[in-house]
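Coordinates in review
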Amino acid sequence: MNISLIGYGKMGKEIEQLCIKKGYNIYSIVDPLLNTELEVLKGTDLAIEFTQPTAAFKNVIYCLDHHIPVVCGTTGWHNELDELKNYCLANGGTMFYSSNFSIGVNVFWKVSKYLAALMDQYADYELGIHEIHHNQKKDAPSGTAVTLAQMMISASQRYSTWEKAESFSHSPHLKIPISSERTGIIPGHHTLEYKSAHDRIEFTHEAFSRGGFVAGVVAAAAWVKDKKGYFEMEDLLSE
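This text gives an overview of the structure that appears in the document. (Residues numbered from 1 in each chain as written. Predicted model: local features only at pLDDT ≥ 70, side-chain atom pairs only at ≥ 80, totals over all residues. Heavy atoms only, no water.)

1. Thoughts on unusual backbone geometry
The amide bond that connects Ala-140 to the next residue, Pro-141, takes the cis arrangement and shows omega of 0 degrees. Within the element layout of this structure, Pro-141 appears in the loop between β6 (126–133) and α5 (143–155). In the Ramachandran plot, Asn-35 falls in the positive-phi region, its phi being about 55 degrees despite a non-glycine side chain. The residue Asn-35 is located in the loop between β2 (25–30) and β3 (46–49) in this model. Residue Asn-35 is classed as exposed on the basis of its relative accessible area, which comes to 69%. (Helix = DSSP H or I, 4+ residues; strand = E, 2+ residues; numbered from the N terminus. Buried < 20%, exposed > 50% of the residue type's maximum accessible area, 1.4 Å probe, protein only.)

In structure tokens form, the structure reads like this:
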């Protein structure tokens, strides 16, 4: 399989190394520091996109317009995702998106969704989410935290949306507060907490490296290459 990379930062470089290890060919790389444009993607079997929120939409549209299957992991632009999903389906394209490709995180999301439904009946418990990432991560809250909140909202009658909080706080209803911290070289730490006057329930996922994310990305690329449609990690993991 010929794989092209859109974005050649830390994630892009680790994805490149795993692709090579698995015997895939790195066909082309799109990155401003390499003075390469999207045109170098033509002829590739699949593109993997990890860039910036301001660039992701344009990059994915280019792939869809040129019938290039694309795996995208850029976060911070969820308000445009539905438009891209509809565009992909309307034009017979192939797109795989996740705000986090880690198997552990996806299990974390599923359990958290179940917990949200269970805790709905206990109004004394207030919910809060806190996430920590390395100090070079630009979007806050993280895409993983936003997806976590959205999954819990979908399973809850108490919460209808989320909001950005300056510090770790809790809310009894309507809005789930998400607080963010940027420090050191932490690849990802997400905690949800239900707190009452008497006790606390805490559920955490902590990533030790980018390895879990990278493995999920490459697995998604191999899985989606010959498919048509819009897909997420739940589709891959359900097979």
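2. Brief notes about the sheet that holds strand β10 (residues 200–207)
Strands sit in the order β7-β8-β6-β9-β10 across an open sheet of five strands; the sheet is mixed. Where the open sheet ends on each side, the last strands, each with one partner, are β7 (159–165) and β10. Direction aside, the axes of adjacent strands within the sheet are offset by 20 degrees on average. Relative to strand β8 (residues 174–182), β7 runs parallel, the two sharing six bridges. Within β8, the residue paired with Thr-161 across the bridge is Lys-175. Together, β9 (188–195) and β10 form the strand contacts of helix α4 (residues 103–119), whose direction differs from that of β10 by roughly 165 degrees. (Pairing = 2+ DSSP bridges. Axes fitted to C-alpha atoms, helices over the stretch in contact; angles between N-to-C directions. Contact = heavy atoms within 4.5 Å.)

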